[in-house]
Amino acid sequence: MCAVCGCHEETPSTKRAEANDMESHERYGDRVQDKSDRHSAYPPGDRRSASSDHAGHSYDSYPRSANDQAHNRQALPSGGIGPADLAALRISRKGIVEIERDILGKNNGIAAVNRALFVADDLLVLNLLSSPGAGKTTLLVRAVSDLKRSRRVGVIEGDQQTSNDAERIQAAGVPAVQINTGKNCHLDAAMIGEAYRRLPMISGGILFIENVGNLICPAAFDLGEACKIVVFSITEGEDKPIKYPDMFAASSLMVINKIDLGSLLEFDLGKAIEYARRVNPKIEVLVVSARTGEGFGALYAWIDKQARRQRRALEDTRR
Ligand SMILES: Nc1nc2c(ncn2[C@@H]2O[C@H](COP(=O)(O)OP(=O)(O)O)[C@@H](O)[C@H]2O)c(=O)[nH]1
Ligand SMILES: [Mg+2]
């Protein structure tokens, strides 16, 4: 994960698409409620902003391993790597593994707080993941345009740069908060906690999270969502589930998108599903076109099923 790929190098920023921000809240007539009181469950000392969390997720927090690695490189003898070098490298590797565990452990703690908050708000939270360009935003624009007729919906958008996607969602008449992650290649739980606080109240509804387009790192980060959904378009080739298994293993649903292009491409749908189920036998599969709307009825039925399941689980815990 990211201690290896280096995506934690720069502090991310959480910001709304400024242009439409106030306008979007006014349009909804929603009070921008400061939910900070409900975030008091965070451990003391944690400011719960994306940037503060990422103070612990930047290269500054890796001095030992980074220095060790630099030191090891300098210490390498010109004749090759000796046993002492290998021992030192093993220690560095162990340090990195511990740091990775620490980052994910910290993230998981915040994700648990987010999850409790979402359940208390009777909110179904769905985390959409894919490679860039698979069609997440196109799918969301269509879905929120339809779903907003019957329930409250909101979107948190994650991209390295720009507010383009949040603006596309807002243009559909739905509130959206944009997170720009800078050099980071994934969203984490602290960013979501902060962004959720900035959304108008959508309790009883659905919160969609569009993660940064990347089939690797976002799989490792629990955001407090009810489910991860991997959007996989047929232009990507059917072998992606076995090339990037973590993403498909972590997802409850695989949405195969761009099926309208089926006649133009040699895409083996059966093989793609077989590969995904090889990685995750329980993964559910839906085939859609975000362009034409094909398959969206089944997608909404799946979303309703998740909402009912979450509500039932909550009622069971209250009994
Ligand atoms: N033909 C076709 N194009 C699509 C479909 N969904 C998305 N696209 C196109 O794919 C490109 C990337 O879509 P976008 O939603 O921005 O992908 P994202 O990066 O995953 O959010 C855009 O040009 C979309 O118009 C689809 O179902 N069919
Ligand atoms: Mg997008």
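Residues numbered from 1 in each chain as written. Chains lettered and ligands numbered in written order. Predicted model: local features only at pLDDT ≥ 70, side-chain atom pairs only at ≥ 80, totals over all residues. Heavy atoms only, no water.

Novice: Is there a simple way to think about the nonpolar core in this case?
Specialist: With 32 residues, the main nonpolar core has Leu126, Leu139, Phe208 and Ile303 as its most contacted residues. Residue assignment for this core shows that the elements contributing at least two residues are strand S2 (124-129), helix H6 (136-147), strand S3 (153-159), helix H7 (164-171), strand S5 (206-210), strand S6 (227-233), strand S7 (253-257) and helix H12 (296-318). Ranked by residue count, the leading element in this core is H12, at six residues. The residues contacting Leu139, other than those within four sequence positions of it, are Leu128, Val231, Val255, Val288, Ala290, Phe296 and Leu299. One finds Val177, Ile179, Leu187 and Val212 within the second-largest nonpolar core, a separate group that totals 21 residues. (Core = buried A, V, L, I, M, F, W, Y, C linked by side-chain atoms within 4.5 Å. Buried < 20%, exposed > 50% of the residue type's maximum accessible area, 1.4 Å probe, protein only. Helix = DSSP H or I, 4+ residues; strand = E, 2+ residues; numbered from the N terminus. Contact = heavy atoms within 4.5 Å.)

Novice: How should the coordination of the magnesium ion (ligand 2) be read in this particular structure?
Specialist: Where a metal carries four tetrahedral donors, each ideal angle is 109.5 degrees; where it carries six octahedral donors, the ideal angles are 90 or 180 degrees. For the magnesium ion (ligand 2), the full set of protein donor atoms is Thr137 (OG1), Asp165 (OD) and Glu210 (OE), and the range of their distances to it is 2.1 Å. Expressed as a motif, the donor residue spacing for the magnesium ion (ligand 2) is T-x27-D-x44-E. Of this pair, Asp165 sits in helix H7 while Glu210 sits in strand S5, placing them 45 residues apart in sequence. An identical accessibility class is assigned to Asp165 and Glu210; each is buried. (Donors = N, O, S within 2.8 Å, 3.2 Å for Na, K, Ca; no water.)

Novice: Would you explain the confidence of the model for the chain in this entry?
Specialist: Should the pLDDT be low somewhere, the predicted coordinates at that spot are not to be read in detail. Averaged over every residue, the pLDDT of the chain is 80; the share at 70 or more is 69%. In this model residues 14-77 is a low-confidence stretch, pLDDT under 50, and it forms 120 contacts with partners more than four residues away in sequence or in other chains. (pLDDT = per-residue confidence, 0-100.)

Novice: Before we go on, may I ask you to explain H6 in this structure?
Specialist: Quick reminder: α-helices carry 3.6 residues per turn. Residues three or four places apart thus point the same way. Taking 1.5 Å per residue as the helical rise, H6 with its twelve residues ought to reach 16 Å, and the 16 Å between its terminal C-alpha atoms agrees with that figure. Those residues of H6 that fall on the buried side of the exposure criterion are Lys136, Thr137, Leu139, Leu140, Ala143, Val144 and Leu147. Looking straight down H6, one finds that the buried residues subtend no more than 150° of arc, so they occupy a single side. (Expected span 1.5 Å × (residues − 1). Arc of directions from axis to C-beta.)

Novice: I'm lost on the site of ligand 1 in this one. Help?
Specialist: The environment of ligand 1 is formed by 17 residues, the closest being Gly133, Lys136, Thr137, Thr138 and Asp260. Ser289 has a polar side-chain atom sitting 3.4 Å from an oxygen atom of ligand 1. A distance of 3.2 Å separates an oxygen atom of ligand 1 from a polar atom in the backbone of Arg291. Relative to its unbound accessible surface of 580 Å², ligand 1 loses 77% to contact with the protein. The biggest single contributor to the shell around ligand 1 is H6, with three residues. Here the shell around ligand 1 is composed, by residue class, of four nonpolar, seven polar and six charged. (Near = heavy atom within 4 Å. Polar contact = N/O pair within 3.5 Å; in protein donor to acceptor, adjacent residues only side chain to side chain. Areas by Shrake-Rupley, 256 points an atom, 1.4 Å probe, with all protein chains shown as cover. Nonpolar A, V, L, I, M, F, W, Y, C, P; charged D, E, K, R; others polar.)

Novice: How should I be thinking about the packing of H6 against H12 in this particular structure?
Specialist: The geometry of a pair of packed helices is captured by two quantities: the angle between their axes and the separation between those axes. At their nearest, the axes of H6 and H12 sit 11 Å apart, and the two run at 70° to each other. For the element pair H6 / H12, the angle class is roughly perpendicular. Considering the relative orientation of H6 and H12, their crossing is right-handed. Between H6 and H12, the contacting residues are Leu139, Arg142, Ala143, Asp146 and Leu147 on the first element and Phe296, Leu299, Tyr300 and Ile303 on the second. In terms of residue class, the contact of H6 with H12 is made up of seven nonpolar, no polar and two charged. (Axes fitted to C-alpha atoms, helices over the stretch in contact; angles between N-to-C directions. Parallel < 35°, antiparallel > 145°, perpendicular 65-115°, else oblique. Left-handed = near helix turned anticlockwise from the far one by under 90°.)

Novice: I tried to follow empty space enclosed by the protein on my own but got confused; where do I start?
Specialist: Any empty space left between atoms is shown by rolling a water-sized probe over those atoms. One pass over the full model with this rule turns up one cavity of 30 Å³ or more. Space inside the largest cavity adds up to approximately 60 Å³. Forming the walls of the largest cavity are Leu128, Leu139, Leu140, Ala143, Phe208, Ile229, Val231, Val255, Leu299 and Ile303. Secondary-structure elements contributing two or more residues to the lining of the largest cavity are H6, S6 and H12. Tallying contributions element by element places H6 first for the lining of the largest cavity, with three residues. Tallied by class, the residues present in the lining of the largest cavity amount to ten nonpolar, no polar and no charged. (1 Å grid on protein atoms, 1.4 Å probe; cavity = no way out; pocket = protein on both sides within 12 Å on 5 of 7 lines; lining within 4 Å. Points joined across faces, edges and corners; volume = space filled by probe spheres on them.)

Novice: What is the right way to look at the environment of Cys217 in this model?
Specialist: You can see Cys217 is positioned in the loop between S5 and S6. With relative accessibility at 5%, the residue Cys217 sits in the buried group. C-alpha separation for the pair Cys217 and Asp246, spaced 29 residues apart in sequence, amounts to 8.9 Å.

Novice: Before we go on, may I ask you to explain the pairing of S5 in this structure?
Specialist: The two faces of a sheet get side chains in turn, since along a regular strand they alternate between them. In terms of residue burial, S5 counts as a mostly covered element, since five of its five residues are buried. Here S5 shows two buried faces, one formed by Ile206, Phe208 and Glu210 and the other by Leu207 and Ile209. Sheet analysis places S2 next to S5, joined by five bridges and oriented parallel. If you follow Val125 over to S5, its bridge partner there is Leu207. Of the pairings in the sheet, the one linking S3 to S5 comprises five bridges and is parallel in character. Its bridge partner being in S5, Gly154 is matched across the sheet by Leu207. (Pairing = 2+ DSSP bridges.)

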